[in-house]
Amino acid sequence: MPLSEHEQRMLEQMERALYAEDPKFATALEGSGLRTYTRRRVYLAVAGFLLGIALLMVGVILPKTWISVVGFLIMLGCAVLAVTGWRKAPKPGEAQRPGAAAPRRQSRQRRSMMDRIEERWQRRRDEQGH
């Protein structure tokens, strides 16, 4: 059952408060999710890329063209894997909500800067009781 708008806002406020009070603890809590998986994927892709470079060099040193081609293909595949993994990784402090839909996140990112500034201004005024 998805959370209501009010529950989602409350959860986001609690997450922001946790990051503001103790960012080290909050980062440790989030470490087991998508961010850790994506980071591990990028690290493995970098290691594979280095392996591809080594195979490319071995293929050049030994006149074996097929080893160089395999090394290049490994480098290419790992580079694509690393770049796509890096783009999908959530930023530190960005919460992963299981019920959140992807189009909603995209619409949130497309808001203009002025809308976000105005929203922050309203929130501050409401918190101060004006």
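Residues numbered from 1 in each chain as written. Predicted model: local features only at pLDDT ≥ 70, side-chain atom pairs only at ≥ 80, totals over all residues. Heavy atoms only, no water.

Peer 1: Give me the overall build of the protein chain: which residues, what numbers.
Peer 2: Each helix and strand counted, the protein chain has 6 helices and 0 strands in total. Shown N-terminal to C-terminal, the secondary structure of the protein chain runs as helices and strands in the order α-α-α-α-α-α. Within the protein chain, the proportion of its 130 residues that are buried is 16%. Roughly 10,500 Å² of accessible area belongs to the protein chain as shown, and the carbon and sulfur atoms make up 64% of that amount. (Helix = DSSP H or I, 4+ residues; strand = E, 2+ residues; numbered from the N terminus. Buried < 20%, exposed > 50% of the residue type's maximum accessible area, 1.4 Å probe, protein only. Areas by Shrake-Rupley, 256 points an atom, 1.4 Å probe, with all protein chains shown as cover.)

Peer 1: Outline the pattern of salt bridges, supporting the account with residue identities and numerical values.
Peer 2: Taken as a whole, this structure holds 1 salt bridge when the rule is applied. In this structure, the salt-bridge partner of glutamate 119 is arginine 123, at a minimum N-O distance of 3.4 Å. With a gap of 4 residues between them, glutamate 119 and arginine 123 both fall in helix H6 (residues 113–128), about one helical turn apart. According to the relative accessible area criterion, arginine 123 is partly exposed, its value standing at 32%. (Salt bridge = Lys/Arg side-chain N within 4 Å of Asp/Glu carboxyl O.)

Peer 1: Outline the UniProt feature "transmembrane region" (unreviewed entry) in the protein chain, supporting the account with residue identities and numerical values.
Peer 2: Here the UniProt feature "transmembrane region" (unreviewed entry) sits at residues 42–61 and 67–86. Regarding residues 42–61, the helix share stands at 100% and the strand share at 0%, and the terminal C-alpha atoms are separated by 29 Å. (UniProt positions renumbered as here; feature names shortened; annotations may be inferred.)

Peer 1: Tell me what's going on with a nonpolar patch on the surface, and back it up with residues and numbers.
Peer 2: A grouping of Val69, Phe72, Leu73, Leu76 and Val80 is seen on the molecular surface, where their side chains present a nonpolar patch of about 470 Å² in accessible area. When you line up the elements, leucine 73 lands in helix H4 (residues 65–88). (Patch = residues over 30% accessible without salt bridge, like charges linked within 9 Å, V, L, I, M, F, W, Y side chains within 5 Å.)

Peer 1: Tell me what's going on with the confidence of the model for the protein chain, and back it up with residues and numbers.
Peer 2: Any region with low pLDDT has predicted coordinates that should not be read closely. Scored by pLDDT, the protein chain comes out at a mean of 76, with 69% of its residues at no less than 70. Confidence over residues 97–106 falls short of pLDDT 50; this stretch has 9 contacts with residues more than four positions distant or in other chains. (pLDDT = per-residue confidence, 0-100. Contact = heavy atoms within 4.5 Å.)

Peer 1: Lay out H6 in plain terms, naming residues and giving numbers.
Peer 2: Compared with the 22 Å implied by 1.5 Å per residue over 16 residues, the 23 Å span of H6 between its first and last C-alpha is a close match. Within H6, only 0 of the 16 residues are buried, which leaves the element largely exposed. At the exit of H6 stands glycine 129, carrying a positive phi of roughly 85°. (Expected span 1.5 Å × (residues − 1).)

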